[in-house]
Amino acid sequence: SQTIHQWPATLVQPVGSPLSLECTVEGTSNPNLYWYRQAAGRGLQLLFYSVGIGQISSEVPQNLSASRPQDRQFILSSKKLLLSDSGFYLCAWSGQGDQPQHFGDGTRLSIL
Amino acid sequence: QKEVEQNSGPLSVPEGAIASLNCTYSDRGSQSFFWYRQYSGKSPELIMSIYSNGDKEDGRFTAQLNKASQYVSLLIRDSQPSDSATYLCAVNRDSGYALNFGKGTSLLVTP
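Quick notes on the rules
Residues numbered from 1 in each chain as written. Chains lettered and ligands numbered in written order. Predicted model: local features only at pLDDT ≥ 70, side-chain atom pairs only at ≥ 80, totals over all residues. Heavy atoms only, no water. pLDDT = per-residue confidence, 0-100. Helix = DSSP H or I, 4+ residues; strand = E, 2+ residues; numbered from the N terminus. Buried < 20%, exposed > 50% of the residue type's maximum accessible area, 1.4 Å probe, protein only. Salt bridge = Lys/Arg side-chain N within 4 Å of Asp/Glu carboxyl O.

Turning our eyes to something else, we now look at the confidence of the model for chain B. As a general rule, the predicted coordinates of low-pLDDT regions are not to be interpreted in detail. The predicted model of chain B averages 94 in pLDDT, with 96% of residues at 70 or higher. The lowest-confidence element of chain B is strand β10 (residues 99-101) of chain B, averaging 92 in pLDDT; the highest-confidence one is strand β7 (residues 61-66) of chain B, averaging 98.

Another aspect to go through is unusual backbone geometry. Of note, the amide linkage connecting Trp7(A) to Pro8(A) takes the cis form, showing an omega dihedral of 0 degrees. Of note, Pro8(A) is situated in the loop between β1 (3-7) and β2 (10-13). A cis amide bond links Gly9(B) to the next residue, Pro10(B), at an omega of 10 degrees. Note that Pro10(B) resides in the loop between β1 (4-5) and β2 (11-14). One non-glycine residue, Asn30(A), lies in positive phi territory at about 50 degrees. Tracing the chain through its elements places Asn30(A) in the loop between β3 (19-26) and β4 (32-38). In this structure, Gln70(B) takes a positive phi of about 55 degrees despite not being glycine. By the secondary structure assignment, Gln70(B) is in the loop between β7 and β8 (71-76). Classification of Gln70(B) by relative accessible area gives buried; the value is 9%.

This brings us to the pattern of salt bridges. Where side chains of opposite charge bring their charged atoms close, a pairing between them can arise. In the structure shown here, the tally under the stated rule is 6 salt bridges over all chains. Taking the shortest distance from any N to any O, the salt bridge between Arg37(A) and Asp85(A) comes out at 3.5 Å. One end of the pair, Arg37(A), is in strand β4; the other, Asp85(A), is in the loop between β8 (73-78) and β9 (87-94), and 48 residues separate them in sequence. Here Asp85(A) falls in the buried class, since its relative accessible area comes to 2%. A salt bridge links Arg60(B) to Asp83(B), with the shortest nitrogen-to-oxygen separation between them at 2.9 Å. Note that Arg60(B) is positioned in the loop between β6 (54-58) and β7 and Asp83(B) in the loop between β8 and β9 (85-92), a separation of 23 residues in sequence. The exposure class of Arg60(B) is partly exposed, given its relative accessible area of 27%.

Here's what the structure looks like:
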């Protein structure tokens, strides 16, 4: 069966510090991968998605970036975090076609 | 901007009753529809997928889709306190794999 791993579970970072969140999927090949952010009291905001290695689509221009160095690895990064980057970051995967997305456990990021 | 609309609630139902959650969407080209359950502080969990007009049943859950009215709903029969959560409606985009999510409906099932 497929599993998705996301770490760390919680993270507290100072403003202006860098960020790297990692997500890996097991048990499937060539998944579509997604990064979402859920701010307090708000809906899920799609940040990036990828349909293959090195292929990244950005949804919202901001100080975040994403990379997919391997088929089942998806990384979310920032060079300098802002207070507004606080939130619950979720990685998800799906199969090809009209398949549902499955979420990792998420990373709760607090910026001080 | 394609939108998915849900009543934020909270929707309160007594234990054993039917809970009815509704969702409308604006993208006429959408073909895939999903319901997720999200407990407080946790990640969303897939409950139902529906792709064709009509009803789809899975245990206590029934998803209903009407593409002409751009409306999708979720019925939860014999509601239990453990069903208390936020329910997210998700609709695929006409342009590809990404999903648009509603902001969710908070459901409270009271004993």
